[in-house]
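Inside the fold
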Amino acid sequence: MSGNTDKQTSLQCYHCGDSCQADTIAFDDKHFCCAGCKSVYEILSANQLCNYYSLTEHPGISQSGDQVPAYYDFLDKKEVQDSLIHFREGTHCHAEFVLPHMHCSSCIWLLENLHRMHEGVISARVRFLEKTIQVVFDAEKISLKAVVILLKKIGYEPQLNAESLGPKTEKKLFRSEIYKIGIAGFCFGNIMMLSLPDYFSDGNFFNEKYLNHVFNYLSLALSLPVLIYSAREFFVSSIQNLKQRQINIDVPITLAIVVAFVTSVYLIVFESRMGYLDSMSGIVFFMLLGRFFQNRSYKYLTFKRNIASYLPIAVNKWVDGKEESIPVTDLEIGDDIRVRQQEIVATDSILLSEQAWFDYSFVTGESHWVEKHRNELIYAGAIQKSGLTEMRISKKPNQSYVTQLWNSQQQDKFKNNTLFTTEWISFWFSVAVLLIGTAACIFWMFRGEYQIGLTALMTVWIIACPCALLLCSTFTYGNMLTILSANGCFVKNAAVMERMRNIDTMVFDKTGTLTSTSESSVDFIGRTVKGYEWEALGALANLSIHPLSCAVSQFIGRVSKTEIIDFVYHEGQGIAGTCGNLRIRLGSQQWMGLKRNITQEHASVFAEINGEVLGYFEIRNQYRSGILDMLSEVKKQHDIYLLSGDADAERKNLMPVFGESHLFFNQLPEQKTNQIEAWQSSRKTVMMLGDGLNDANAFSKSDVGVAVIENQHHFLPPCDVILEAKGLKNLPALMKYVRQGRTTLLLAFTFSVMYNLVGLYFAVQGMLTPVVAAILMPISTVSIVGISFFMSRYFAKQQNLQI
């Protein structure tokens, strides 16, 4: 490949689509407007990423005159890096940037392939609505500054200012929106008042010939702040989209504003008539008012919809030698907490224990244990793997960050193309609106009805709106997720709800799911246990959050300061540790190496000290209230199975509900996973419900994984839904409510389509004024919000769910 310069001003840049006004750079049989666009193409070509150009026409951003500014050197400063990098373990770093130039699906595709452009970039994840990207990179191979420069080179310069580097606030944006609405409303009201002579006396007011001119020019003066300041966002949005060869709904609205203003100026200057200034200012005022309401509603629903905003995480605060379970939001810097094996570190903390192991898989996406020592920093999101550790809070908790980590797990499991479908609908809808409005105007002009033609042109461009059409699912699922959370069912996102609608098979774990450990009774059967042995056994059981360990710990009931070292957790089998000269194990009969010569009617935990089996704890769990009735109700709509790691002592009690062939006991974690895969191979859509401790692989393999959690949540299992145990008896109602979401969505969608068809019917005939069209457009969005709001609550009441 070779490059040369060729002066052809009529060519378009292959990368950004701009006209090549000066010297055209020809490279690889393609033409570029500047060296910057050519460089981006070379980067993409070298990394086999040229599919980027097939997503949309000329998707790139012009690089003309773009140079890397020297001020990027400030990114080498530690305090700046600390504000942008929110996780650092060794050379593994996570940084988040705001990318104002991100605008379409091509941008997302390119940015999420950033790792193919530099070996130091591990991954990149885009949040399109917030216009942010989280970049995971290896600091040994690429610096933070180099990451920023790479983003700039491909046309997405991060926004790096005091606001993005410090605490974020929406107060300025909120105030700006209010100012724009206030100015537009003030001017609109006064222009309407000044338009009275033109409406009612053909321009004559009290027979004063020149008073009409004064009113007209006063109206023109009042319209300028509306045009220049209040309507600015419509112009900016339209220009940016047109530069990228895109058309959104702001384009026809902007054209309507321009047509109304230009026509009005002509009528004022040459015909001494008011024109459409009242309509123009009314369009801006009502559109801003409707958009303000829409944005506020969307932000509210986004907040409620985001699992990070309401999932109650708890921590064990250590106060005066006692543990106290409190919400993470009540923590303060300097508080001491205790974290058990498999519990999540809720906020950045300093390790007080001598040594501990942590797994950062929640943060990095890969299971990799890291050894930490006293006074080292432990980042939020780490999973504790070493028994019991003590920590001191070093940073004010940010609950949303931790649960966002949970929400980001297994995203590939629920891939959907909603964003790309939305963009496609918005583009073609806007094109259709422009064409219909123009055609209606031409039709009336040919008939000599110039007034009706202009009115039809403006009202069609204003009243037709894809927003309500596109926001149907957003508002519907947003309301439903909020109601589900109020009933103790925390669903990650709408994609999970879509999958839940199709579930035909439900698989239940037993201990901690169908049974309640808080109401269990425990007996010890075996030899006489000495006092120091009880303390050692209690100390070991206290390190695990497994339901059976908790039952054993509560039974022993001794608050012991005995220290356990060399703690080991064997998934699905038991726990082990050393206390002084005692090597202790608590677990299953099979793990102890015992033959099944002991008939067990209930769940059992065997105890071993220094190779001697002392006996076993017999745990008689109580089934949750109403659980058998719930299973019978669920069975009417789904196939139900039991997958339990326990012995089959409960077979007789469960057989009438599940059936003999649907009961599977003594299942190891890998056996549970294999069984789920077998059902899926038979074209079953499987939901797995368990306590989340030994079910991680089963959750990931199932179509929907539901963790049943008692009380507050000290750990976040890798699942898709978290269901509070008290809400398990409402499972049939919750599943039916999820299926009814489709009815709500169809109603909202039907209304949106009918609104656009009826609105266009009257608009093309010139039967609506621009002001009325501007009022009706936001009303359609309000109606969609109302339909989804009230129907969601109607169906919730129908299922006796809490609202």
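Residues numbered from 1 in each chain as written. Predicted model: local features only at pLDDT ≥ 70, side-chain atom pairs only at ≥ 80, totals over all residues. Heavy atoms only, no water.

1. Remarks on the layout of surface pockets
- In this structure, the second largest pocket encloses a volume near 690 Å³.
- Gly572, Gln573, Ser588, Gly645 and Asp646 are the residues nearest the centre of the second largest pocket, which is lined by 37 residues in total.
- Broken down by element, the lining of the second largest pocket gets its largest block of residues, four residues, from strand β23 (residues 603-609).
- Along the lines of polarity and charge, the residues of the lining of the second largest pocket split into 12 nonpolar, 19 polar and six charged. (1 Å grid on protein atoms, 1.4 Å probe; cavity = no way out; pocket = protein on both sides within 12 Å on 5 of 7 lines; lining within 4 Å. Points joined across faces, edges and corners; volume = space filled by probe spheres on them. Helix = DSSP H or I, 4+ residues; strand = E, 2+ residues; numbered from the N terminus. Nonpolar A, V, L, I, M, F, W, Y, C, P; charged D, E, K, R; others polar.)

2. Overview of the confidence of the model for the protein chain
- Here the protein chain averages 78 in pLDDT, and 77% of its residues register 70 or above.
- Long-range and interchain partners of residues 1-9, a stretch whose pLDDT sits below 50, account for 22 contacts in this model, where long-range means more than four residues apart.
- Considering only residues more than four positions removed or in separate chains, one finds that residues 417-421, a stretch of pLDDT under 50, has three contacts. (pLDDT = per-residue confidence, 0-100. Contact = heavy atoms within 4.5 Å.)

3. Observations concerning the pattern of salt bridges
- Applying the stated criterion to the full structure yields 25 salt bridges.
- With a closest N to O distance of 3.6 Å, Glu390 and Arg338 form a salt bridge. In this pair, Glu390 is assigned in strand β16 (residues 389-393) and Arg338 in strand β10 (residues 336-339), connecting sequence segments 52 residues apart.
- Arg338 sits in the buried class, given a relative accessible area of 14%.
- The shortest N-O distance in the salt bridge between Arg585 and Glu608 comes to 2.9 Å. (Salt bridge = Lys/Arg side-chain N within 4 Å of Asp/Glu carboxyl O. Buried < 20%, exposed > 50% of the residue type's maximum accessible area, 1.4 Å probe, protein only.)

4. Considering empty space enclosed by the protein
- For the structure on display, the rule yields three cavities of 30 Å³ or more.
- Approximately 70 Å³ is the volume found for the largest cavity.
- Lining the largest cavity, in full, are Leu484, Cys489, Met500, Met687, Val706, Val721, Leu723, Leu731, Leu734, Met735 and Val738.
- Ranked by the residues each element gives to the lining of the largest cavity, the list is headed by helix α25 (residues 731-763), at four residues.

5. Things to note about the sheet that holds strand β17 (residues 489-491)
- If you trace the seven strands from one edge of the open sheet to the other, you get β17-β29-β28-β27-β18-β25-β26, paired in mixed fashion. Among the strands making up the open sheet, the edge pair consists of β17 and β26 (663-664).
- Two elements, strand β18 (residues 505-508) and strand β27 (residues 686-690), share four bridges in a ladder whose sense is parallel. When the bridges of β27 are listed, Thr505 appears paired with Val686.
- Docked against the sheet, helix α22 (residues 651-658) engages β18, β25 (639-643) and β26, running at close to 160° with respect to β25. (Pairing = 2+ DSSP bridges. Axes fitted to C-alpha atoms, helices over the stretch in contact; angles between N-to-C directions.)

6. So, the packing of helix α18 (residues 494-501) against α25
- One way to put it is that α18 packs onto α25 with a least axis distance of 9 Å and a crossing angle of 105°. Taken together, α18 and α25 sit at an angle that is classed as roughly perpendicular. The segment α18 lies against α25, with Met497, Glu498, Met500 and Arg501 engaging Met735, Val738, Arg739 and Arg742. (Parallel < 35°, antiparallel > 145°, perpendicular 65-115°, else oblique.)

7. Overview of the environment of Val758
- In this fold, Val758 is placed in helix α25.
- By relative accessible area, Val758 is classed as partly exposed at 40%.
- In this structure the C-alpha to C-alpha distance between Val758 and Ala464, which are 294 residues apart in sequence, comes to 9.6 Å.

8. Details of the sheet that holds strand β11 (residues 349-351)
- The strand order β9-β8-β10-β16-β11-β14 describes an open sheet built from six strands, whose pairing is antiparallel. Two strands lie at the open edges of the sheet, namely β9 (322-327) and β14 (377-378), each paired on one side alone.
- As paired elements, strand β8 (residues 314-319) and β10 share two bridges and run antiparallel to each other. Bridging across to β10, Asn316 finds its partner in Arg338.

9. Things to note about the pairing of β9
- Here β8 runs beside β9; their pairing, made up of six bridges, is antiparallel. Bridging from a neighbouring strand, Ala314 pairs with Pro327 of β9.
- Turn length for the β8-β9 hairpin, with the two strands adjacent in sequence and antiparallel, is two residues, and the turn residue Asp320 shows positive phi of about 50°.

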